[in-house]
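Residues per chain are reported as follows:
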Amino acid sequence: MKLTLKIWRQKNKDSKGEFKVYPIDGIEGDMSFLEMLDILNEQLINNNEEPVHFDHDCREGICGTCSLQINGQPHGPDRLTTTCHLHMRSFSDGDTIVIEPFRATAFPVIRDLVVDRSSFERIQQAGGYVSVNTSGNTIDANAIPVNKHDADESFNSAACIGCGACVAACKNASAMLFTSAKISQYSLLPQGKIEATERVLNMVRQMDEEGFGNCTNTGACEIECPKGITLVNIARMNREYTAASLKKPLSNSWS
Amino acid sequence: MSKLDSKIPSGPLAEKWTKHKNNINLVNPANKRNIDVIVVGTGLAGASAAATLAELGYNVKTFCYQDSPRRAHSIAAQGGINASKNYQGDGDSDYRLFYDTIKGGDYRAREANVYRLAEVSGNIIDQCVAQGVPFAREYGGLLDNRSFGGVLVSRTFYAKGQTGQQLLLGAYSAMNRQINRGKIEAFNRHEMLDIVLVDGRARGIIARDLVTGEIERHSAHAVVIASGGYGNIFFLSTNAMGSNVTASWKVHKKGAFFANPCYTQIHPTCIPVSGEHQSKLTLMSESLRNDGRIWVPKKKEDAEAIRNGTKTANDIKPEDRDYYLERRYPSFGNLVPRDVASRAAKERCDAGYGVNKTGQAVFLDFATAIERYGKEQASIHGIHNPTQEEIKKFGREVIKNKYGNLFQMYEKIVDQNPYETPMMIYPAVHYTMGGIWVDYNLESTIPGCYVLGEANFSDHGANRLGASALMQGLADGYFVLPYTIGDSLSKDIRTGKIPTDLPEFEEAERNVVQMLERLINNNGKHSVDYFHKKLGKIMWDKCGMARNAKHLQEAMVEIRQLREEFWRDVKVPGEMYGMNAELEKAMRVADFLELGELFAKDALHREESCGGHFREEYQTEEGEALRDDENFMYVAAWEYTGDPKDAILHKEELIYENIEVKARSYK
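Thresholds, definitions, all that
Residues numbered from 1 in each chain as written. Chains lettered and ligands numbered in written order. Predicted model: local features only at pLDDT ≥ 70, side-chain atom pairs only at ≥ 80, totals over all residues. Helix = DSSP H or I, 4+ residues; strand = E, 2+ residues; numbered from the N terminus. Buried ≥ 20, exposed ≤ 12 C-beta atoms within 10 Å, placed from the backbone. Contact = placed C-beta atoms within 7 Å. Domains from an automatic or database assignment. Nonpolar A, V, L, I, M, F, W, Y, C, P; charged D, E, K, R; others polar. Core = buried A, V, L, I, M, F, W, Y, C linked by C-beta atoms within 7 Å. Pairing = 2+ DSSP bridges. Axes fitted to C-alpha atoms, helices over the stretch in contact; angles between N-to-C directions.

Caption draft 1: Structural context of the overall build of chain A. A tally of regular secondary structure across chain A gives 9 helices and 7 strands. Taking the principal axes of its C-alpha atoms as reference, chain A extends roughly 70 × 40 × 40 Å. Looking at chain A as a whole, 52% of its 255 residues qualify as buried.

In structure tokens, the structure reads:
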């Protein structure tokens, strides 16, 4: 098929970007979206032009590196699909495809379609862990049974790949789906409950400091999430946050 | 005379590791604060090592080319992680895990290392559960297990088809805790381009900031390489697009021996190649072989009819199907090890029974399992005369729970519903057992340079069993290196910070800059991918699933010529400073082009078949791999001398005291 690509080009974070139009031909339905971009880049290199930079790595839908706002939708038109798994059979001959980076204040553009998502790193560092040493002197893995429903639900939250589609989909550029997924994973497990109070307070504080917006329950994040992370996570985080905010400080003011 | 000292402790097998830990030098907590360690790569091995070293008190710097440690390719591991917990009470033990791994590796791995791996495997699961890794559980709340190839017990722990993701996020969370404490400094979007040796010891690295393009010097008292395997030398593999050999190759060129480069794992169940545009291959987890049955038509005319579209899989009657693994290997059936399953698929396809357009695919069929589970579920739900529809519905639900994300992935890529028609699969390059030679302490032949995980050669011999890569990565990082590294760092407590203005750093940086400048100013005709694809084709055709002397000799010459052409004619657009993805790729492919020649040389020299290394000249009458224990029961460790073709061979003899060496049989 023959397509017209309108792609955002931007040299670096300080320069002004613009859309450029690239016609492309000979695209087959079995190709992935990124393989289509590979073909475009090969042509650009052969024409002595600079290839389009885009983030990608595993191309199996699990590393969370690939991004792209395709015709206004993060990861393109298919549901529960990352850009690397989007195939060209989802498009038709003659289509114009608009390709932009994920847009959010907290995700500055590095080059072309590549954005800086280190704000996500800092949210995780603020409390996305259980404080247990990795020395190996822990209790036996089966010492604490965990209800299967809770374990499965925790897994569903932990399936977040940290791609940032939720932020790109949100009109407020909110990172609450991402943050709440991690908080939920731990809050559903006995191992994570111990630090639940500190975790939710610290992660939410960091999320706010990074300049992400607030949640207004629009639900676009849930629709666009390639891993099916649900709004239930946000509700759970809000409950955890409220409970944590009401906890009293330690009674001995010297401690 | 061999220069190799594996430093395996004396004494009975089961006591070696405990004894070794008791005799190791320790560094006191106050002194640890004055010691710096660099960790290159943040997959399971790197992240777990970085977190544990930081917890112990060392100052750690991590480097990864991805924008976050969480994106390292361990994330893509699907099926599970082995541990000899014996929770199922099916006869498992440390010894049995050790035995299975040695046998699975076709008697080409070190006994002491493998036993240690089995010994710490249970602790890995404890650790991960304590970290909040949501493993699959049974209704009673305890952990669930499944089975993998080459074993007769269920010892694999899993989190749906995303076990690697969950384990890596666990290790990443442990890293984050240390980053938050200021004990780890994470350099993401950074690539190591050389190692720096001072007085013969690893004392730092040269790295490139992939955003600004700046070249940086980083010093430390030890350097840990955990940068994964080199499967991308084949261009098409299940590795991530960025996976590369550069860190390993650079340390090899500075003195670390490269062991068994020809041991490559071709994974039997991958989605077949669909066309020339293909950029990577996707694995379908080995766990699917728990429930999927592999077959091709018995009759050639049926295979042809499927290939030209006049018949589908469902048109072939049960009696006209050849479940060739069950036929050839009745005791292990569909769960034979990967190398055996891959060769059997190739054999059937080469004989003309392949089932897709290219003739390079076999079926992986879940119909039997759907029926079996469906009946069981119907009974549990109190339906005693279920209809076919009810059975299918219940059965699919069970399969969906177990492998849902894999089925979804398959459908996305192939555009066929695997609940309705069997999957089509074919072998693809997946894992490399070879890597940098290390001793029992995981130290390479460069003092102070440690190598972990897939980047080293140590535990899997000539073939890795399924669900053992995650086990090895975490064992190395959480439980082995943190002990063994102390032994050498204890000598560094008075060394003080290593300055980065030493002439050794200057020289290394100059060499890196020269190489980058040469590539950027080359003004050639062809893109980096053009050369990478050509290299991949030589590797697959001549160093792939079946090898012979003639092809390997040709490969050595062709790779050499291609390397010369690359340096003459590669075109790298853009500039050295700022983000430049083509320049990153060019640096990686340049190293693959050198490794390729050593790979072929190693495969040529090993005149036997073992595990993933199959030489057509050495096979039994039934087409099974034929080892030559008398002449080749050793690790081939290659020393770099300025040109891959002139590498010098050092042999580490493999001694088996606790296991009887015999022909590997899964019949």
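From this point, things continue past the structure.
Caption draft 2: Inspection of the overall build of chain B at higher detail. Each helix and strand counted, chain B has 18 helices and 19 strands in total. If one aligns the C-alpha atoms of chain B with their principal axes, the spans along those axes are about 80 × 60 × 50 Å. Residues counted as buried form 60% of the 667 residues belonging to chain B. Long-range contacts, defined as pairs at least 24 residues apart, comprise 74% of the intrachain contacts of chain B with a sequence gap of at least 6.

Caption draft 3: Region of interest: the domain arrangement of chain A. Residue and element names in this part refer to chain A. We note that the domain assignment places domain 1 (3–110) and domain 2 (118–246) within chain A. The C-alpha centroid of domain 2 is placed 29 Å from the C-alpha centroid of domain 1. In this complex, domain 1 contributes 18 residues to the contact, which on the side of domain 2 involves 16 residues. Tallied by class, residues from the side of domain 1 that touches domain 2 come to 8 nonpolar, 9 polar and 1 charged.

Caption draft 4: Seen up close, the nonpolar core. Counting residues in hydrophobic clusters, the biggest one holds 288 residues, and the most contacted among them are Val167(A), Val224(B), Ile225(B), Val362(B) and Ile436(B). When residues in this core are grouped by element, the largest group, 14 residues, is from helix H17 (residues 581–605) of chain B.

Caption draft 5: Spatial organisation of the interface of chain B and chain A. Each partner contributes to the interface: chain B provides 66 residues, whereas chain A provides 64 residues. At the level of secondary structure, the elements contributing two or more residues to the side of chain B that touches chain A comprise helix H3 (44–56), helix H5 (111–130), helix H6 (163–180), helix H12 (388–414), helix H13 (469–489) and H17 of chain B. Taken together, the residues of the side of chain B that touches chain A break down into 25 nonpolar, 26 polar and 15 charged.

Caption draft 6: Highlighting the sheet that holds strand E18 (residues 634–639) of chain B. Residue and element names in this part refer to chain B. Judged by pairing direction, the sheet is antiparallel, and its 4 strands sit side by side in the order E16-E10-E18-E19 without closing on themselves. Because the sheet does not close on itself, it has two edges, and the strands there are strand E16 (435–436) and strand E19 (648–653). Across 6 bridges, E18 lies against E19 in antiparallel orientation. Within E19, the position partnered with Trp638 by the bridge is Leu649. Together, strand E10 (258–259), E18 and E19 form the strand contacts of H17, whose direction differs from that of E18 by roughly 145°.

Caption draft 7: A look at the domain arrangement of chain B. Residue and element names in this part refer to chain B. On domain assignment, one finds that chain B holds domain 1 (13–263 + 433–492), domain 2 (269–429) and domain 3 (502–634). Here the C-alpha centre of domain 3 lies 24 Å away from the C-alpha centre of domain 1. Taken together, the contact between domain 1 and domain 3 spans 37 residues of the former and 39 residues of the latter. For the side of domain 1 that touches domain 3, the elements supplying multiple residues, two or more each, are strand E6 (190–198), strand E7 (201–209), strand E8 (215–219) and helix H7 (246–253). A per-element tally of the side of domain 1 that touches domain 3 places E6 first, with 6 residues. Class assignment of the residues belonging to the side of domain 1 that touches domain 3 gives a composition of 22 nonpolar, 10 polar and 5 charged.

Caption draft 8: Structural detail: unusual backbone geometry. Phi at Asn71(A) takes a positive value of approximately 50°, unusual for a residue other than glycine. Examined against the element boundaries, Asn71(A) turns out to sit in the loop between strand E3 (69–70) and strand E4 (73–74). Look at Asn71(A) and you get partly exposed, because 14 C-beta atoms sit within 10 Å. Even without glycine at this site, Asn86(B) takes up a positive phi of about 55°. Tracing the backbone shows Asn86(B) in the loop between strand E3 (81–82) and helix H4 (94–104). For Asn86(B), a count of 18 C-beta atoms within 10 Å translates into the label partly exposed.

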